[in-house]
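Residues per chain are reported as follows:
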Amino acid sequence: MSRKKNALTSYFVAPLVKGSETPDFMELAKWISSVTDESEENVEDTGYYDGDGTPEKDVTSVSESYSFEGMYDDEDPAMKFIAGLKQELGEGRKIMFKKVESNGDTYEGQATVTEPKSSGGEAIEYAVFSCIISFDKRPKKSVGSPVEEETQD
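Residues numbered from 1 in each chain as written. Predicted model: local features only at pLDDT ≥ 70, side-chain atom pairs only at ≥ 80, totals over all residues. Heavy atoms only, no water.

- Going by the annotation in an unreviewed UniProt entry, the name recorded for the chain is Phage tail protein, with Alkalicoccobacillus plakortidis given as the source organism.

1. Side note on the overall build of the chain
Here comes step 1: Secondary structure summary: the chain contains 1 helix and 10 strands in total.
Here comes step 2: The order of helices and strands in the chain, counted from the N terminus, is β-β-β-β-β-β-α-β-β-β-β.
Here comes step 3: Taken over C-alpha atoms, the radius of gyration comes to 19 Å for the chain, far larger than the 15 Å a tight globule of 153 residues would show.
Here comes step 4: Expressed as lengths along the three principal axes of its C-alpha atoms, the size of the chain is roughly 65 × 50 × 40 Å. (Helix = DSSP H or I, 4+ residues; strand = E, 2+ residues; numbered from the N terminus. Rg over C-alpha atoms; globule rule 2.2 N^0.38 Å.)

2. Some details on the packing of aromatic side chains
Here comes step 1: Following the criterion strictly, the structure yields 7 aromatic pairs and no others.
Here comes step 2: With centroids separated by 5.7 Å and ring planes inclined at 55°, the aromatic side chains of Y11 and Y66 adopt a geometry described as tilted. Of this pair, Y11 sits in strand β1 (residues 10-15) while Y66 sits in strand β6 (residues 65-71), placing them 55 residues apart in sequence.
Here comes step 3: A relative accessible area of 3% places Y66 in the buried class.
Here comes step 4: Plain terms: the ring middles of Y66 and F97 are 6.2 Å apart, the flat faces sit at 45° to each other, and that makes the pair tilted. Of the two residues, Y66 sits in strand β6 while F97 sits in strand β7 (residues 94-100), which places them 31 residues apart along the sequence. Each member of the pair, Y66 as well as F97, is classed as buried.
Here comes step 5: Through pairs of rings, three or more aromatic residues link up here, namely Y11, Y66, F68, F97 and F135. (Phe/Tyr/Trp six-rings, centres within 6.5 Å; stacked < 30°, edge-to-face > 60°. Buried < 20%, exposed > 50% of the residue type's maximum accessible area, 1.4 Å probe, protein only.)

3. With respect to the pairing of β7
Here comes step 1: The buried fraction of β7 amounts to 6 of the 7 residues, a majority that puts the element mostly inside the structure.
Here comes step 2: Pairing geometry for β1 and β7, over 6 bridges, is antiparallel. Residue pairing in the sheet places Y11 in a bridge with K99 of β7.
Here comes step 3: Bridging between β7 and strand β8 (residues 106-117) involves 7 bridges; their strand directions are antiparallel. Bridge pairing in β8 links I95 to A111.
Here comes step 4: Counting the residues in the hairpin turn of β7 and β8 gives 5 residues, including G104, whose phi is positive at 95°. (Pairing = 2+ DSSP bridges.)

Here you go:
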């Protein structure tokens, strides 16, 4: 099994669609320097009389989330879309989100954007960009073809 760089995983955002409409995805990649898996799990520990009383762990829910950090570019459509959600509340923060892993597996579904930032920092620095995107429920998974990593001579 070969190692693959994180940059071979792609992330896409789109406005929320209704019914069977196809989302118009925009890649969230330009000037993004870090993506962190912020997923959380709820776990219950329960011991049973048919065992020895040792608690068994049972994962009851998973919230899959990713935080993005980088520099803001007002000309990048994906960043501009996320930055435009700053003043939105409730349903206004709902988007379509897609993650394509380097092995080709794709995860897609409705998500919520929290903590969008597109400005701030030291005077000598570029404007920051950051946000957290969380799937609202388990995303739809499809298996795809692996992404080939370019090698340098």
